[in-house]
Each structure stands twice: as structure tokens, then as C-alpha cells.
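# Tertiary structure, described
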There are 2 protein chains.
Amino acid sequence: MKVVKFGGSSLSSGSQIEKIFDIVISDPTRKAVVVSAPGKRHAEDIKVTDLLIDCAEAYLRDVEADRLVDSILERYLGIARDLQLPLSIMDEIESGLLAALNGDKSNPERYLDAVKATGEDNNAKLIAAYFQYRGVEASYVNPKEAGLFVSDEPGNAQVLPESYHNLHKLRQWPGLIIFPGFFGYSKEGEVLTFSRSGSDITGSILANGMKAEVYENFTDVDAVYSVNPSLVRYPKEIRELTYREMRELSYAGFSVFHEEALIPAFRAGIPVNIKNTNNPSAPGTRIVNERSNTNGPVVGIASDGGFCSIYVSKYLMNREIGFGRRLLQIFEDFGLSYEHIPSGIDDISIILRQNQIVDEQMEADIISRITNELQADEVHIEHDLALVMVVGEGMRHNVGTTARAAKALAEAGVNLEMINQGSSEVSMMFGVMENEADTAVRALYEEFFGEKNQTKTGNSHGDWASV
Amino acid sequence: MKVVKFGGSSLSSGSQIEKIFDIVISDPTRKAVVVSAPGKRHAEDIKVTDLLIDCAEAYLRDVEADRLVDSILERYLGIARDLQLPLSIMDEIESGLLAALNGDKSNPERYLDAVKATGEDNNAKLIAAYFQYRGVEASYVNPKEAGLFVSDEPGNAQVLPESYHNLHKLRQWPGLIIFPGFFGYSKEGEVLTFSRSGSDITGSILANGMKAEVYENFTDVDAVYSVNPSLVRYPKEIRELTYREMRELSYAGFSVFHEEALIPAFRAGIPVNIKNTNNPSAPGTRIVNERSNTNGPVVGIASDGGFCSIYVSKYLMNREIGFGRRLLQIFEDFGLSYEHIPSGIDDISIILRQNQIVDEQMEADIISRITNELQADEVHIEHDLALVMVVGEGMRHNVGTTARAAKALAEAGVNLEMINQGSSEVSMMFGVMENEADTAVRALYEEFFGEKNQTKTGNSHGDWASV
């Protein structure tokens, strides 16, 4: 039994929905179908979720938004027409949308969640109607009815453990389940959404609760690539990678799959299969607990910019019990989360995403607190760093991998600001200046995936993954 | 004007003291002479400081210790006889020792400090007498008289800032100053010692207070070597290294100079010159603020064992503000100081000296607290790690150094458990298993100092530095 999830671009038009219909019915083990809101039909299009957010914000400000409401309804109407559905479905969609828009605005965040959730909810109803129209036993299932309960955190809800037990009962549901992604209900019955792109999370929760044999996640690329295709021509596709490898790649810019969404599947040991709605026969990429076919020590190379490093030095710092803890307390007091803490003998650096430091005043305040409270000898900040990750389960204890990576970077003339290796068993991290990150990634790709490593290159479906 | 310090092996016998006499008077700018207690005359000998500790502990237990007292006095008597000094000096030495041994035992730690300090104090009196006997204007100066005040921390006293001002007046002292190392006085007049080998600290404090042009530290090796001479034949001598380089090398096993002792000289920008009492014409090693003559990116390679690594993994750990701080709090609660904190995306390791974890129960308690309080997915400990340091100011932004080091280690078949580079500007750190540390050090030495790098090898005075 499989849980299948389709992203917004796979559901953006009637012809796309015909494709997903064919995909679903081609395999009778596909039991539950989790759907996003209609996405972009072309590059300039606007996602329904974004229209809904604009609409909710207008309502919150008591600004007239009839045209926005119409745009949203027209998206569903267009799909219904394409699919030659009886237009009675539109009454249900319109009343769902208007009920949310005219709902309780006393808590703006909750209101926004309720409006956003209609994007998926109405699409699930529409798609269920289409499946029924095509003569398939299928029904829309509401998350409250199914028992998908979440914490009361608007825009960042977390699944409550009892949900898994509740969802297990869906195994007995007659026929296909069409399930809206992105949201659940609080125990008080309020709609709450997961973080953005949270339909991936719903699918993973369902796969866990229903004990699916696989969670198929359909998007618009054939596979996860070993490197960002905008940097390298014909990058190698990844056939199989572990949860840990996926997690490390996601962190450093691989956006193919929502990182929170891995957790429920990972905890239940259910493989996630990333597949392409537009090329469903391609094998895609499987995310698994342990993988068999290794092809060299490295599976992927990623980078992400926008980091800064706050350097703190103090002679004999390591003799002071509590120094590091007091340093981290200062960051916590400013509400800053940090990524890494490389250290020397008498110095320590805190690597964090620099957009958290909102202005120069805040930066000065942080430096001043560290200088005064810890009596540091020197405190300074370095901006515009990128972290380059080399990821692969095969790297652990592979003595040559570090040397190959460092040599490739040296030959490309890339200065290493930082190396952090040793805690993670599946990655090696290099800190470089942002303006050298692309050079670094290309050099590492060439070293581990270049011509000398393989005869077969990747395919030519060069679009970079986007959900 | 120079401050000169002689270690215990340089003062272990009459013939050694004749050498230091010649050294001191050969340069009229040598103004203050800081002396240790008599050290070992040969490998099986016992240092006077160790005899004093045994003696104090016997007195504290009310055990008879006449033979120990005699052994101590015989050391001074032997020196006085060798130097053909009038033996009246022995009355002063004996009364100083007995006064300390019969002093207030109500605080055992303070009592121990007072007894230990007589080793240096009596030696300074003896040496001052010898200088006078040789017709040189020289006098013993007591640290209380000179104003060397310290914090009330027995066995680990810290200099009080006002001392520097007081000591500056010694510039006007008539003739040579013979100053006992290792101890100062609390404001209440109690004797308190620095940490072990603390005569180096006294010399550094005097150099700072007296604004010396250089602090000469005489020991028993010609220079600081670029690598442990027990691992490599004829290792290269280091002519000049910065305080930062020395600090990193000291940390990882280079014991030539007490690490706390660098601070006062470093703060005042006074060069430290490590020289050999037994070969005073050799240039020795200068420790300076900035160095000129660089000879490749690396100045030294060191390693130190006895570390362990506690690995903690938790999915999406970096989203939890305060995770690292709470983790470090647990270590602080156990009184543990840690050395490094390498981290991956969802994992963090704490590297610490494993002798701090006294038994299996404590280890289990630490793991249990981390597991339960932080709800970690996995916590485990890895024992018997060594940290190998590659040190050199020339490494900063030298793109090839990391690659060379990693390649050398890979070719030697050394597994890298950890790399920590990026906070310190002067070192690169590799974590390896203890049983591979020597192989790693030799491979790195060969890479950076081996035949292909230089035509001239180091000298053949192959004794490893000891203070």
C-alpha cells in the first residue's frame, strides 16, 4: 500500500490532473493521495496559496478583495472546465473559501491559516470529484475526520503523536482517499497549517500512520541531482540516498523535499520515492534507511550562502569552565540560532545565518555583550560566508576523501575559511566566501563526479528540483 | 634590560650554578634573575620540590620526616660545598625550611604552598650569596618586599594587577636581583604558589612589571623543535615563533614553556627567548608578537592523546534555540571542561580530556542526562582519541596547506575522525585514534619539513625540551 503526494505544479491545470489520475490508477496499491493547492502553470503564474495569503491580508485590513477572490475561484473553475466536471462542485469550493474568509479574525495568524488551508482543501474536493466522475471509487477525506491533530502553532503546527494511531484506520477506508495536504486541526477544532510547502509533511504523516510500504512524492523533476543543475551541465541523478544524506543536502540548499517532512517517514522506516509527474516511468530518487548501490564515497554536493562568523578569542579560554555555555547564552538571549561552533585553542567562532542579525545596532550589541561579559581579548564578525557540503555515507573513514576535496579546492584557488568534519558521519563541510562558493561546488563536482569518475553522465532533464 | 629565568635542571648543582653565573654576568643588561628550586642532577634524582611536597604531607599527617628534611638540606649543602661558599648560609636555609614546616597547618593547602615555596626561596638566597661571594653586587629580593601580590588560590594563584606597578620599581634596585620563582604573597601576607612549574610565570610577571626588553628563559634544550624529537630524528629547530603558535604547540604536548607564563610577557609585548644553559651561545627560540622569517606555512606539529568524543544526534537539532547551550550546561554541571565542539547538521560532538570522566558510572550519568533532558536520538562516546595540531601563522589563507596535510595523512593510511579548522588562524587540528597519532605526526612532519622541503636539516641535539 502506497501513499502518494502531488505538488502544486502537478495539480496546476486540468491536463496535469489527468496525468495524476493516470498515475494513481495505474497502480492499485496507491491508496491515499495527498494533494497541494494548484501551483504555477507557467513561470509568471501565481500559486493559489499566494493568492489566498493576499486575500486574507486584505480581509484583515478590511480592504476590498473581490478580484482576488475571483482569481482564486477562476483557478478552480478553469480546472473543473478542463476536466469537463459538472460545475456544481464550484458551489462547494466557493462556500468553503467564503466561510474561511468571513471567519473569526480575532487571531490574525489563525485566520491566515484557515484561509490558506482552503487552497488544498478545495483542491482535494475537486480532485475527488474528478476521480468519482471517472468512475473510480474515491472520496475526499477531511483531516479532522481522519484524526490528523496538530499543535496550536499557526503556520508551524507539529503533528500530535495520537494522529498516527487515528490515521492507521484509513487503511480500512473504502476506495481511494483524496486527502488535502498542508494542514491539520487542533484538539479544539481550529485549522492550523504546517510550515510552507507542508503538503510533503502531510504525506509523510499519512505514510507513517497508514504504515505504507512507500511514500511516493511526485514533483516536477526526474530525480534529485548530485549537484545544483544551474551550476553543472547534465548533473548526475541520484538513484538512492539515505535520510541522513537527504537531510544534509536539504540543509545546504537542496530544496526538492521539505526537511521536516522526512521525519515521520524516517521514524517509521518508510522509503520516500521522489518521482516526476511528467515522466512517471522514470525511477526517480529513493530516500531510504540504508542504501546498497554506492558509486564512490560522495552522493551529492551542495552549498548555501548567507552565513556570518563571529570570532571570539581569549587566552586560556578552554580553562574556563562555562565559557562556551555563557557565550551561547548570549546568542540565545538575542534569539539567534547558530549552525556551527568551530574552535581553536584560545578561540571559538559561531557560524550563523546572517539574516538573523537585523541591523548594525544589533551586531554592535552582540559584540559588546561578548566583549564585556566574557572579557574576550578579541571579538569580530566576518560576513558573507557560504557553507559547501560534500555528502555521502561512503565518506566515513574513507581516508582519501578529505584529501581529494581539499586538493580540488586548492587547485581551484578557493580559500578555506573553515573546515568542520567529524561529528556527522555523512558529510564534510567547508566554509568559503560566498563569491567563491560556485567555484568550490564545481571543483568538488568535477573531482567526485567528473569524467574521470564515470563513463555515463546524467540525463538531460536539466530542470532543478522545485516542489 | 633583561629578565632571566633559570629552570631547576640549570640550578641542580654547583657546577650548573657556576654556568648560570657566567651567563648572567656576561651580559650587563641582565638585571633580574628568577630561579627555580634545585632540579634533577640525573634521571633518577628527585627534585627538591618533590621532596618538599613529601615532607609537608608527612608533617600534615604528624609522621616523622627527619630523613626527608635532611635530604632537602643536603641538596643545598652539596651546592654550597661545590661552590665553596661559607656554610653560614646553611643556617638561614635551615631556619627558612623549618619555619615553614612548623608553620600553621590549619589550612593544609596553604601549608603545602608555604613549604613548597621554600624550595625556590632558599635557592634564591643561596645563589645571591654565591654572586656576592664572587664579588658581584647582587641581592636576594623577597616577592613580598617587591610587591608581587597574588590571589588567594593555593597551588593556582593568579597575579594581582597592582603587582606590575610595584615590580616596576625594581628597575631602580642597586645591582643584580636574585628573585625566587613560583610564588607570591596574598594581601594578607600568606605565601601562595602558582601552578606547577610556575617559576616561568614569575619571570614573565617580572619582565612585564620591569618592562624588560626581553625575557630570557633558560632551560636544557637548544631550542623548541618543530616536532617531538622522540618521533623524528634531527628535527628542525624553530628560530622564531609567535605567542599564538607557541600557545597552540604547548596545548598539544610541547611542554617547553608553561602556557600560563606566556600571558604577562604577551600582554606587554615582551619577546621570550628560550635558551640552553648548557649551550648559551646557541640562539635558542624567540617567542614574539609577529615574526619575520617564515620558512613555509607550518612552524610545528604536535599531538596529544587522552581525549574522548561524546556524540549527540537529534533530527532538526539546529532549529532548537538553546540546544547547544543546554548541552554545554550538562557538561558544566559535571564540572567538565571541553576542548572542541565539531558539529554536523543534526549532530554535535563534544571533545574533552577523558581523564575528567572518572568512572563508568559518571559516563553513564552523562549519557543518560543528555539522552533524557535533550531528547536526543542517539548519544554515544568514543574513547582514546588524539588531537594532532599543525601550527603556523603562514597557514592562514594558504589554500594548499589543508590539501597537503590531508593527502599526507591519507597516504599514511591514517583515518581522520575529525577536522577542526577555521577559528584559529594559526592551526589546523586533526582528530585521530591515539594508536595512529605517531604515524600521523611523522607523515605531517615529512610533508612539511621533510627532505623535499629543505636542504638543511635541524641539529643533532636531540633531547626533547623539558622545563
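About the criteria used
- Residues numbered from 1 in each chain as written.
- Chains lettered and ligands numbered in written order.
- Predicted model: local features only at pLDDT ≥ 70, side-chain atom pairs only at ≥ 80, totals over all residues.
- Heavy atoms only, no water.
- Helix = DSSP H or I, 4+ residues; strand = E, 2+ residues; numbered from the N terminus.
- Rg over C-alpha atoms; globule rule 2.2 N^0.38 Å.
- Contact = heavy atoms within 4.5 Å.
- Lys, Arg positive; Asp, Glu negative; His and termini not counted.
- Charge placed at Lys NZ, Arg CZ, Asp CG, Glu CD.
- Buried area = accessible area lost by both parts, 1.4 Å probe.
- Salt bridge = Lys/Arg side-chain N within 4 Å of Asp/Glu carboxyl O.
- Polar contact = N/O pair within 3.5 Å; in protein donor to acceptor, adjacent residues only side chain to side chain.
- Nonpolar A, V, L, I, M, F, W, Y, C, P; charged D, E, K, R; others polar.
- Pairing = 2+ DSSP bridges.
- Least-squares fit on C-alpha atoms with pLDDT ≥ 70 in both.
- UniProt positions renumbered as here; feature names shortened; annotations may be inferred.
- Buried < 20%, exposed > 50% of the residue type's maximum accessible area, 1.4 Å probe, protein only.
- Domains from an automatic or database assignment.
- Axes fitted to C-alpha atoms, helices over the stretch in contact; angles between N-to-C directions.
- Parallel < 35°, antiparallel > 145°, perpendicular 65-115°, else oblique.
- Left-handed = near helix turned anticlockwise from the far one by under 90°.
- Phe/Tyr/Trp six-rings, centres within 6.5 Å; stacked < 30°, edge-to-face > 60°.
- Lys NZ or Arg CZ within 6 Å of the ring centre and 35° of its normal.
- Patch = residues over 30% accessible without salt bridge, like charges linked within 9 Å, V, L, I, M, F, W, Y side chains within 5 Å.
- Areas by Shrake-Rupley, 256 points an atom, 1.4 Å probe, with all protein chains shown as cover.
- Core = buried A, V, L, I, M, F, W, Y, C linked by side-chain atoms within 4.5 Å.

Attention shifts here to the overall build of chain A. Helix and strand counts for chain A come out as 14 helices and 18 strands. Relative to the compact-globule value of 23 Å for 467 residues, chain A shows a C-alpha radius of gyration of 24 Å, a close match. For chain A, contacts bridging at least 24 residues in sequence account for 75% of all contacts bridging at least 6. Measuring between centres, the 44 positive side-chain charges of chain A sit 7 Å from its 68 negative side-chain charges.

Note: interface size is frequently given as the accessible area lost on complex formation between the parts. Each partner contributes residues to the interface: chain A has 61 residues there, and chain B has 61 residues. For the pair chain A and chain B, the summed buried area comes to about 5500 Å², and 52% of that belongs to carbon and sulfur atoms. The interface formed by chain A and chain B includes six salt bridges. Put simply, Arg325(A) and Glu332(B) hold a salt bridge, and the shortest N to O gap is 2.5 Å. Run the count over chain A and chain B and you get 14 residue pairs in polar contact (both at pLDDT 80 or more). Taken together, the elements giving at least two residues each to the side of chain A that touches chain B come down to α9 (243–251), α10 (262–268), α11 (323–333), β14 (338–340), β15 (347–353), β16 (378–391), α13 (399–411) and β17 (418–421) of chain A. Considering every element that reaches the side of chain A that touches chain B, the biggest residue donor is α13(A), with seven residues. For the side of chain A that touches chain B, the per-class residue count stands at 25 nonpolar, 20 polar and 16 charged. Note that β17(A) and strand β17 (residues 418–421) of chain B share three bridges and pair antiparallel. Of the residues in β17(B), the one forming a bridge with Asn420(A) is Asn420(B).

The next point concerns the relation of the copies chain A and chain B. When chain A is fitted to chain B, the best match, at an RMSD of 0.1 Å, comes from turning it 180 degrees and sliding it 0.0 Å along the axis. Read as a symmetry element, the transformation amounts to a two-fold axis. With an isologous cut-off of 70% or more, the 100% of interface residues of chain A that recur at the interface of chain B puts this contact in the isologous class.

This part takes up the UniProt feature "binding site: substrate" (unreviewed entry) in chain A. All names here are of chain A. Within this structure's numbering, the places UniProt gives as "binding site: substrate" (unreviewed entry) are Thr-49 and Glu-120. Maximum C-alpha separation among the annotated residues is 8.5 Å over a sequence range of 72 residues, consistent with a single clustered spot. With respect to the helices and strands, Thr-49 occurs in helix α2 (residues 48–60). Counting through the fold element by element, Glu-120 comes out in helix α5 (residues 108–133). Judged by its relative accessible area of 4%, Glu-120 falls in the buried class. Excluding residues that lie within four positions of it along the chain, Glu-120 makes contacts with Val-35, Ser-36, Ala-37, Thr-49, Pro-180, Gly-181, Phe-182, Phe-183 and Ser-199.

This next bit is on the domain arrangement of chain A. Per the domain assignment, the segments of chain A are domain 1 (2–219) and domain 2 (300–453). Computed over C-alpha atoms, the centres of domain 1 of chain A and domain 2 of chain A are 39 Å apart.

The next subject is the packing of α2(A) against helix α3 (residues 66–82) of chain A. Residues and elements named next belong to chain A. In contact at an axis separation of 9 Å, α2 and α3 are set at 155 degrees when each is read in the N-to-C sense. With respect to each other, α2 and α3 are oriented roughly antiparallel. For the crossing formed where α2 meets α3, the hand is left-handed. Of the residues in α3, those touching α2 at Val-48, Leu-51, Leu-52, Asp-54, Cys-55 and Tyr-59 are Leu-68, Val-69, Ser-71, Ile-72, Arg-75 and Tyr-76. Across the contact of α2 with α3, the residue classes break down as nine nonpolar, one polar and two charged.

Residue and element names in this part refer to chain A. Within strand β2 (residues 30–35), six of the six residues are buried, leaving the element largely enclosed by the surrounding structure. As defined by bridge partners, strand β1 (residues 2–6) adjoins β2 across five bridges and the pair is classed as parallel. The residue bridging Lys-2 from the neighbouring strand is Arg-30, located in β2. Here four bridges tie β2 to strand β4 (residues 176–180), and the two strands are oriented parallel to one another. What sits directly across from Val-34, in β4, is Phe-179.

Quick look at the pattern of salt bridges now. All names here are of chain A. Scanning all chains against the criterion turns up 50 salt bridges over all chains. One salt bridge connects Lys-407 with Glu-411, and the closest N-O pair in it is separated by 3.2 Å. Linking Lys-407 with Glu-411, this pair stays in helix α13, spanning four residues, or about one helical turn. Note on Glu-411: relative accessible area 60%, which makes it exposed. Residues joined in a network through salt bridges with shared partners are Lys-2, Asp-27, Arg-30 and Glu-216.

A few words on the packing of aromatic side chains. Within the structure shown, the criterion is met by 16 aromatic pairs over all chains. Between Phe183(B) and Tyr185(B), the ring centres sit 6.0 Å apart and the planes meet at 65 degrees, which makes this aromatic pair edge-to-face. Residue Phe183(B) is classed as buried on the basis of its relative accessible area, which comes to 1%. Aromatic ring contacts, followed pair by pair, group Phe21(A), Tyr130(A), Phe131(A) and Tyr133(A) into a single cluster. The ring of Tyr140(A) carries the charged tip of Lys125(A) above its face, separated from the ring centre by 5.4 Å.

All names here are of chain A. On the surface, a cluster of negative charge is made up of Glu-64, Asp-66, Asp-70, Glu-74, Asp-91, Glu-92 and Glu-94. For the negative patch, the secondary structure elements donating two or more residues are α3 and α4 (89–101). Positionally, Glu-74 belongs in helix α3.

Further remarks concern the sheet that holds strand β3 (residues 138–140) of chain B. All names here are of chain B. Across the sheet, which stays open at both edges, the eight strands sit in the order β3-β4-β2-β1-β7-β11-β12-β10 with mixed pairing between neighbours. What marks the edges here is a single partner per strand, and that holds for β3 and β10 (240–242). Across the sheet, the axes of successive neighbouring strands diverge by a mean angle of 20 degrees, strand direction being ignored. Here three bridges tie β3 to strand β4 (residues 176–180), and the two strands are oriented parallel to one another. Paired with Tyr-140 across the two strands is Ile-178, which belongs to β4.

All right, on to the pairing of strand β12 (residues 285–288) of chain A then. Residue and element names in this part refer to chain A. As defined by bridge partners, strand β10 (residues 240–242) adjoins β12 across three bridges and the pair is classed as parallel. In the strand pairing of β12, Leu-241 is matched with Ile-287. The sheet contact formed by strand β11 (residues 272–276) and β12 spans three bridges and is antiparallel. For Val-272, the partnering residue across the bridge sits in β12 and is Ile-287.

Here we take up unusual backbone geometry. Residues and elements named next belong to chain A. With a phi close to 65 degrees, Ser-197 is a non-glycine residue in the positive phi region. Its place among the elements puts Ser-197 in the loop between β6 (191–193) and α8 (199–209). For Ser-197, a relative accessible area of 37% translates into the label partly exposed. Positive phi, close to 50 degrees, is recorded for Lys-211, a residue that is not glycine. With respect to the helices, strands and loops of the structure, Lys-211 is situated in the loop between α8 and β7 (214–219).

Attention shifts here to the nonpolar core. All names here are of chain B. Val-3, Phe-179, Phe-257, Val-272 and Ile-287 are the most contacted members of the largest nonpolar core, which has 52 residues in total. Of all the secondary structure elements, the ones that give two or more residues to this core are β2 (30–35), β4, α8 (199–209), α9 (243–251), α10 (262–268), β11 (272–276), β13 (300–313) and β16 (378–391). Apart from the residues lying within four places of it in its own chain, the contact partners of Val-3 are Ala-32, Val-34, Gly-203, Leu-206, Ala-207, Met-210, Ala-212, Val-214, Tyr-215 and Glu-216.

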